[in-house]
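Descriptive analysis of the structure
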Amino acid sequence: KQEVTQIPAALSVPEGENLVLNCSFTDSAIYNLQWFRQDPGKGLTSLLLIQSSQREQTSGRLNASLDKSSGRSTLYIAASQPGDSATYLCAVAGGTSYGKLTFGQGTILTVHP
Amino acid sequence: DVKVTQSSRYLVKRTGEKVFLECVQDMDHENMFWYRQDPGLGLRLIYFSYDVKMKEKGDIPEGYSVSREKKERFSLILESASTNQTSMYLCASSLRFGGNEQFFGPGTRLTVL
C-alpha cells in the first residue's frame, strides 16, 4: 500500500527566504506526482504536476523535482511571500491503483512579514 | 480554466437523513472523484468514476454510494447520515485515467447533528 510522508509538518519563515518542502513515497511505481496548495477551509489548488518520466517542473517561483527511484520529491519556493502561507500537499498517482491519488498529511507554511 | 463546482459550501443535516452532495465539472473530464478530509487523517478517497455509470470503491466507501448519470455530474449519497460522517468533502476531476492532473472543487463542509 502506497504511503506518502511530508516533512516538515509545519514551517515558519521570514518573508524573502527560499524554502524546501519534502515529500517521500514508499512505492516507486507511480504515474505522476502532484503538489497542491490549500488555504484554510478551501479546496485544493493544483500547483505542479510531474509525470513519472520527468525530473522537474517549474511554475513561476515554484520548482518541483522528482526522484522516482528513491521515492522523493521536493517543492522549492523562491523568495517566499506572506501570500504563500497555506498548507502544501503532495499526492502520488499510481502503483496498483492508477488514477487514484494518495496524499501526504501536508506541510503548514507560515511566511511572516 | 477547469472549473469544478460543488452544490453547497456548508451543509447541516440530522442523523438518519439521506444526504446528496453534487459535483459538476465543465471540462468534459472522464474521471471524477470524491474525497473526505479530516484533521489528522488527511484526504481519503471514497469513490471514483472513470465513465458515465461506472464507479469504483475507494479506500473508505462504507456508508456512501455514488451516482454518475451524466459525464459532467458526480453525486455522493449518504444513505443514512451519521455523526462520524461530519467532514469536509472534496470533489475532483481529471481528463483521463492515470496520467492527468486532478482539479478540485471548493469543498462542502458537512455537519451531521
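None of the values given here were measured: they were computed from a predicted structure.

Turning to the overall build of chain B, a few remarks are in order. When you go through chain B residue by residue, the secondary structure sums to zero helices and 11 strands. Secondary structure of chain B in N-to-C order comes out as β-β-β-β-β-β-β-β-β-β-β. Over its C-alpha trace chain B gives a radius of gyration of 13 Å, about what one expects of a compact globule, namely 13 Å for 113 residues. Structurally, chain B occupies a C-alpha span of about 35 × 25 × 25 Å along its principal axes. The buried share among the 113 residues of chain B stands at 48%.

What follows deals with the nonpolar core. Ranked by internal contacts, the top residues of the largest apolar core, which has 23 residues, are Phe25, Leu33, Trp35, Leu75, Ile77, Tyr88 and Leu109 of chain A. For this core, the secondary structure elements donating two or more residues are strand E3 (19-25), strand E4 (30-38), strand E5 (44-51), strand E7 (62-67), strand E8 (72-77), strand E9 (86-94) and strand E11 (107-112) of chain A. Ignoring anything within four residues of it in the chain, the contact list for Tyr88 of chain A reads Gln6, Leu21, Phe36, Arg37, Leu47, Leu75, Ile77, Gly106, Thr107 and Leu109 of chain A. Listed in part, the 20 residues of the second largest apolar core include Met32, Phe74, Leu78 and Tyr89 of chain B.

Another aspect to go through is the layout of surface pockets. For the second largest pocket, the calculated volume is near 390 Å³. Gln38 and Thr87 of chain A together with Gln37, Asp38 and Pro39 of chain B are, among the 22 residues lining the second largest pocket, the residues nearest its centre. Of all elements in the fold, only E9 of chain A together with strand E4 (31-38) and strand E5 (42-51) of chain B reach the threshold of two or more residues within the lining of the second largest pocket. Taken together, the residues of the lining of the second largest pocket break down into eight nonpolar, 10 polar and four charged.

A few words now on the pairing of E5 of chain B. Residues and elements named next belong to chain B. Counting buried residues in E5 gives seven out of 10 residues, a clear majority hidden from the surface. Pairing analysis gives seven bridges linking E4 to E5, with the strands arranged antiparallel. Within the sheet, the bridge partner assigned to Met32 lies in E5 and is Ser49. Here E4 folds back onto E5, and the loop between the two strands holds three residues, one of which, Gly40, carries a positive phi near 85°. Hairpin remark: E5 followed by strand E6 (residues 54-57), antiparallel, with two residues in the connecting loop; positive phi at Lys53, about 65°.

Another point: unusual backbone geometry. For the peptide bond that leads from Ile7 of chain A to Pro8 of chain A, omega is 0°, which places it in the cis range. For Pro8 of chain A, the position within the fold is in the loop between strand E1 (4-7) and strand E2 (10-14). The phi angle at Ala79 of chain A is positive, at roughly 45°, despite the residue not being glycine. Within the secondary structure, Ala79 of chain A sits in the loop between E8 and E9. Positive phi is not limited to glycine here, since Lys53 of chain B has a value of about 65°. A residue is classified by how much of its surface remains accessible, and Lys53 of chain B, at 57% relative accessible area, is exposed.

This paragraph deals with the interface of chain A and chain B. At the junction of the two partners, chain A supplies 20 residues and chain B supplies 21 residues. Buried surface at the junction of chain A and chain B, both sides included, amounts to about 1600 Å², of which 53% is carbon and sulfur. Between Lys100 of chain A and Asp59 of chain B there is a salt bridge; the shortest N-O distance is 2.8 Å. If you list the elements that add at least two residues to the side of chain A that touches chain B, you get E4, E5, E9 and strand E10 (97-103) of chain A. Grouping the constituent residues of the side of chain A that touches chain B by class yields nine nonpolar, nine polar and two charged.

On to the state of the cysteines, then. This model, assessed by the stated rule, comprises two disulfides over all chains. Note on cysteine connectivity: Cys23 of chain A is disulfide-linked to Cys90 of chain A, with sulfurs 2.0 Å apart. Taking the sign of the S-S torsion, about -55° here, the bridge from Cys23 of chain A to Cys90 of chain A comes out left-handed. With a gap of 67 residues between them, Cys23 of chain A in strand E3 and Cys90 of chain A in strand E9 connect regions that are remote in the sequence. We classify Cys23 of chain A as buried; its relative accessible area is 2%. Between the sulfur of Cys23 of chain B and that of Cys91 of chain B lies a disulfide, 1.8 Å long from S to S. The disulfide joining Cys23 of chain B to Cys91 of chain B has a torsion of about -80° about its S-S bond and is therefore left-handed. Highlighted residues: Cys23 of chain B in strand E3 (residues 19-25) and Cys91 of chain B in strand E9 (residues 87-94), separated in sequence by 68 residues.

What counts and how
Residues numbered from 1 in each chain as written. Chains lettered and ligands numbered in written order. Predicted model: local features only at pLDDT ≥ 70, side-chain atom pairs only at ≥ 80, totals over all residues. Heavy atoms only, no water. Helix = DSSP H or I, 4+ residues; strand = E, 2+ residues; numbered from the N terminus. Rg over C-alpha atoms; globule rule 2.2 N^0.38 Å. Buried < 20%, exposed > 50% of the residue type's maximum accessible area, 1.4 Å probe, protein only. Core = buried A, V, L, I, M, F, W, Y, C linked by side-chain atoms within 4.5 Å. Contact = heavy atoms within 4.5 Å. 1 Å grid on protein atoms, 1.4 Å probe; cavity = no way out; pocket = protein on both sides within 12 Å on 5 of 7 lines; lining within 4 Å. Points joined across faces, edges and corners; volume = space filled by probe spheres on them. Nonpolar A, V, L, I, M, F, W, Y, C, P; charged D, E, K, R; others polar. Pairing = 2+ DSSP bridges. Buried area = accessible area lost by both parts, 1.4 Å probe. Salt bridge = Lys/Arg side-chain N within 4 Å of Asp/Glu carboxyl O. Disulfide = S-S within 2.5 Å.

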